[in-house]
Amino acid sequence: FQSEGKTGGAQSVPVNRTGADDRDAGQIIFIRISGFRIQKMVIQHTVFFEIPFTGSFLLFVFASLIALLSFVGVGLFISSICRNQQQAILGAFAFMMPAILLSGFVSPIEDMPQFLQYLTYANPIRFFIQIGNGLFLKNMNLADVGINLLPLLAIAAATLGFAAMTFKRNLE
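Given the structure is predicted, the values throughout are model-derived calculations rather than measurements. (Residues numbered from 1 in each chain as written. Predicted model: local features only at pLDDT ≥ 70, side-chain atom pairs only at ≥ 80, totals over all residues. Heavy atoms only, no water.)

1. With respect to the layout of surface pockets
Estimates place the volume of the second largest pocket at around 460 Å³. Forming the boundary of the second largest pocket are 22 residues, of which Met41, Phe105, Ile125, Phe128 and Ile129 lie nearest the centre. Looking at the lining of the second largest pocket residue by residue, the classes come out as 17 nonpolar, five polar and no charged. (1 Å grid on protein atoms, 1.4 Å probe; cavity = no way out; pocket = protein on both sides within 12 Å on 5 of 7 lines; lining within 4 Å. Points joined across faces, edges and corners; volume = space filled by probe spheres on them. Nonpolar A, V, L, I, M, F, W, Y, C, P; charged D, E, K, R; others polar.)

The structure is reproduced here in structure tokens:
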């Protein structure tokens, strides 16, 4: 059963020995550890690299957790439609490479062709980079952060919802 669990997709969950409470605890621990890493990153950038943090730290942590939900949602959606681990890895890679390139991290979104600019609205990384840049360097206010949080919440709700529906359908 162990090899089935490693190579299987959603079918391996009923075989897994952990209960629902253990899986939920593992996900909560992952989110908390990610939150601590975000805090550590902010402290390192402000102290060691002398990059000024001009915005609200609590707002940044809150936005990071919302962004993390949307990233996890995309990952869960990809893994829920895949039949095995290899497909999930390739699916994640096929999503992540264009997502990073179209996020505004490599080149400004305004310099991209118009059809690619429209495509970036489905990219959660785009909105998190705008929030990060705005809070770190521009002292972005709550209204501007909220404009970027709404798409992140929509992406999180859509991807987590579709992943749950697909996962439930696969179990039946």
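What follows picks up the thread again.
2. Looking at unusual backbone geometry
For residues other than glycine, phi is negative in most cases, and the peptide bonds are mostly trans. The residue Asn139 is not glycine, and still its phi comes out positive at about 55°. On the secondary structure map, Asn139 appears in the loop between helix H6 (124-137) and helix H7 (142-171). We classify Asn139 as partly exposed; its relative accessible area is 48%. (Helix = DSSP H or I, 4+ residues; strand = E, 2+ residues; numbered from the N terminus. Buried < 20%, exposed > 50% of the residue type's maximum accessible area, 1.4 Å probe, protein only.)

3. A look at H7
Here H7 contains 30 residues, and its C-alpha end-to-end distance of 41 Å stays within 8% of the 44 Å for a straight helix at 1.5 Å per residue. The sharpest bend along H7 measures roughly 25° and falls at Asn148, with the proline Pro151 sitting one to four residues further on. If you check which residues of H7 are buried, you get Val145, Asn148, Leu149, Leu152, Ile155, Ala156, Thr159, Ala163 and Thr166. (Expected span 1.5 Å × (residues − 1). Bend = angle between axes of the 7 residues up to and from the residue.)

4. Some details on the nonpolar core
Inside soluble globular proteins, nonpolar side chains tend to come together where they are buried. Grouped together as the largest cluster of nonpolar side chains are 20 residues, with contacts concentrated most on Phe60, Ile131, Leu135, Val145, Leu149 and Leu152. For this core, the secondary structure elements donating two or more residues are helix H2 (20-47), helix H3 (57-81), H6 and H7. The dominant element in this core, judged by the number of residues it contributes, is H3, at seven residues. Apart from the residues within four sequence positions on either side, Val145 is in contact with Leu59, Ile131, Leu135 and Met140. (Core = buried A, V, L, I, M, F, W, Y, C linked by side-chain atoms within 4.5 Å. Contact = heavy atoms within 4.5 Å.)

5. A look at the packing of aromatic side chains
A complete count under the given rule lists four aromatic pairs for this structure. For the ring pair Phe71 and Phe128, a centre distance of 6.2 Å and an interplane angle of 85° mean the geometry is edge-to-face. Here the residue Phe71 occupies a position in helix H3, and Phe128 occupies one in helix H6, the gap between them amounting to 57 residues. Between Phe77 and Phe162 the ring centres are 6.2 Å apart and the planes differ by 50°, which places this aromatic pair in the tilted class. (Phe/Tyr/Trp six-rings, centres within 6.5 Å; stacked < 30°, edge-to-face > 60°.)

6. Looking at the environment of Leu102
With respect to the helices and strands, the residue Leu102 is situated in the loop between helix H4 (85-101) and helix H5 (114-119). Assessed through its relative accessible area of 16%, Leu102 is described here as buried. Once the C-alpha coordinates of Leu102 and Tyr121 are considered, the two residues, 19 residues apart in sequence, prove to be 9.6 Å apart. Once you skip the residues sitting within four places of it in the chain, Leu102 turns out to touch Ile109, Met112, Leu116, Leu119, Thr120 and Asn123.

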